[in-house]
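Below, each chain spelled out in residue letters.
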Amino acid sequence: MQSFSLKGAMNTSISPVYADGADSHLRLRHYGSSSRSPTLKSDGDFTDLKSLQSFLQEEEAKERKEHLSNADMSATSVNQSFWNYGRSPSHTPLLGKFQYQLSSRSPHQSASLHKDDSTDYPATFEESEVWSKLSVSRYTLDKWTENIRKWLCQTILVRLVQEIEDINENLERLGCGEVKIGDVSIFSLRSISLTKGQHIPTLNTVLPYLDITANQEYLVNRIRELASGGCMSEYRWKSGGKFKGKPWDEHLPTDAAVVMHLLCTYMNSRLPPHPKYPDGTTFTSQYFTKTPDTPNKARKDHCCIYQSHINPPCYSVVVGEEIWDVPKGRNNMFQAFLLFLYHINQKEKGMLGRVNLGPSGINILWTLE
């Protein structure tokens, strides 16, 4: 009887097809159904066609369940820049190298954790009931948190670090080696962008990501640390990393503040320009509010992320007149953004204004699967 090699079958029968562009997706050929488990010989070969078909169907099902993204990893090449519009690339093969382990859940913290909790904006739904009200189990929430950490790391942090390295190399070639990202102020970098912008076109795009603290040396070094490992294993929600051998201090931004700033800046770059926001902060101006500013409750069903406390950082989600608190602690920022995505997916059919958050647009809604 003719046998079928596992290696040969995987190389010739699954045949992933990748298409460039915003509507690209991974397509797998379909095979006849078979309920029988694959039969393998001791040397790893299949003994009959039905076994091979069954195996291929099981592999296809596994691939769909993973579904970390639907674009080719080649999208990360020079032809598909981080700064271009288009869907985010798939990170499934890359993330397979990293072993992400969920940390233990934060202990329940009462509303009295912050002495300055605003009585003017009491929560409509307390942190203990938000996810249960939406029928989201702890297991599902843990999975979503893992997904969003991976997305943030691979889509924003890793690519931003690479872009910074590329810009610094270009500055060196242009004879501006003393003016590098992480070594000089934002003001100096803006001056370079004005004089050398034609030679370093992405510098002006990177600058908003760095505009969160005057201490550029700490910020760039911390972004590099957070980008390492694949899933932000260095993340410290209410503090940060060491700086010049000294422990983190409150004059430096927390990791939660840094990541939220990078996230908002990235979303600003993905939304189309708006005449009301000529500075390019289309997402931040409409969907993010930070104390001492207060959320606008006048717009019914409008959803935004609200940072009610700076340190320790605390985020919630405001929908119209309702405030949804998510559990405080290490995953507060991630869960607030997940709740924001959940609302956009359920109430707005995945549309953030005119931009689709699904596969045909930013491709972030897979984190809720």
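Preceding this section is the structure that the text describes.
Just so it is clear, the structure is predicted and the values come from calculations on it, not from any experiment.

What counts and how
- Residues numbered from 1 in each chain as written.
- Predicted model: local features only at pLDDT ≥ 70, side-chain atom pairs only at ≥ 80, totals over all residues.
- Heavy atoms only, no water.
- Pairing = 2+ DSSP bridges.
- Helix = DSSP H or I, 4+ residues; strand = E, 2+ residues; numbered from the N terminus.
- Axes fitted to C-alpha atoms, helices over the stretch in contact; angles between N-to-C directions.
- Contact = heavy atoms within 4.5 Å.
- Buried < 20%, exposed > 50% of the residue type's maximum accessible area, 1.4 Å probe, protein only.
- Arc of directions from axis to C-beta.
- Parallel < 35°, antiparallel > 145°, perpendicular 65-115°, else oblique.
- Left-handed = near helix turned anticlockwise from the far one by under 90°.
- Nonpolar A, V, L, I, M, F, W, Y, C, P; charged D, E, K, R; others polar.
- Salt bridge = Lys/Arg side-chain N within 4 Å of Asp/Glu carboxyl O.
- Phe/Tyr/Trp six-rings, centres within 6.5 Å; stacked < 30°, edge-to-face > 60°.

1. Quick notes on the sheet that holds strand β4 (residues 303-309)
- One open sheet holds the four strands; their spatial order is β3-β4-β5-β6, and the pairing between them is mixed. Across the chains shown, the open sheet's two edge strands, defined by having one partner strand only, are β3 (288-290) and β6 (322-325). Direction aside, neighbouring strands of the sheet carry axes that sit 30° apart on average.
- Across the face of the sheet, helix α9 (residues 255-270) comes into contact with β3, β4 and β5 (314-319) while running at roughly 40° to β5.

2. Focus: helix α7 (residues 203-210)
- Listed as buried for α7 are Leu203, Val206, Leu207, Tyr209 and Leu210. Projected down its long axis, α7 shows its buried positions confined to an angular sector of 160°, all on one face.
- Residues of α7 that are buried make contact with α5 (138-173), α6 (186-196), α8 (216-227) and α9.

3. Examining the packing of α6 against α7
- Running from amino to carboxyl end, α6 crosses α7 at an angle of 165°, the nearest separation of the two axes being 10 Å. In terms of axis orientation, α6 runs roughly antiparallel to α7. In this structure, α6 meets α7 at a crossing whose hand is left-handed. Contacts between α6 and α7 pair Ile186, Leu189, Arg190, Ile192 and Ser193 from the former with Leu203, Asn204, Leu207 and Leu210 from the latter.
- When the residues that make up the contact of α6 with α7 are grouped by side-chain class, the tally is six nonpolar, two polar and one charged.

4. So, the environment of Val179
- Within the secondary structure, Val179 is located in the loop between α5 and α6.
- For Val179, a relative accessible area of 13% translates into the label buried.
- Sequence separation between Val179 and Asn168 is eleven residues, and the spatial gap between their C-alpha atoms is 8.3 Å.
- If near-sequence neighbours (up to four positions away) are discounted, Val179 is found in contact with Leu171, Val184, Leu189 and Ile192.

5. Quick look at the pattern of salt bridges
- Throughout the structure, instances matching the rule amount to seven salt bridges.
- Note that Lys244 and Glu217 form a salt bridge whose closest N and O atoms lie 3.7 Å from each other. You can see Lys244 sitting in the loop between α8 and α9 and its partner Glu217 sitting in helix α8, a full 27 residues away along the chain.
- One network of salt bridges, in which partners are shared, links Arg222, Glu225 and Asp255.

6. Regarding the packing of aromatic side chains
- Across all of its chains, the model carries nine aromatic pairs by this definition.
- Here Phe283 and Phe340 contribute two aromatic rings whose centre-to-centre distance is 5.9 Å and whose plane-to-plane angle is 85°, an arrangement assigned as edge-to-face. With a gap of 57 residues between them, Phe283 in helix α10 (residues 282-287) and Phe340 in helix α11 (residues 332-347) connect regions that are remote in the sequence.
- On the basis of an interplanar angle of 15° and a centroid distance of 6.1 Å, the ring pair of Phe337 and Phe340 is categorised as stacked. Pair noted here: Phe337 and Phe340 are both in helix α11, with a separation of three residues, about one helical turn.
- According to the relative accessible area criterion, Phe337 is buried, its value standing at 1%.

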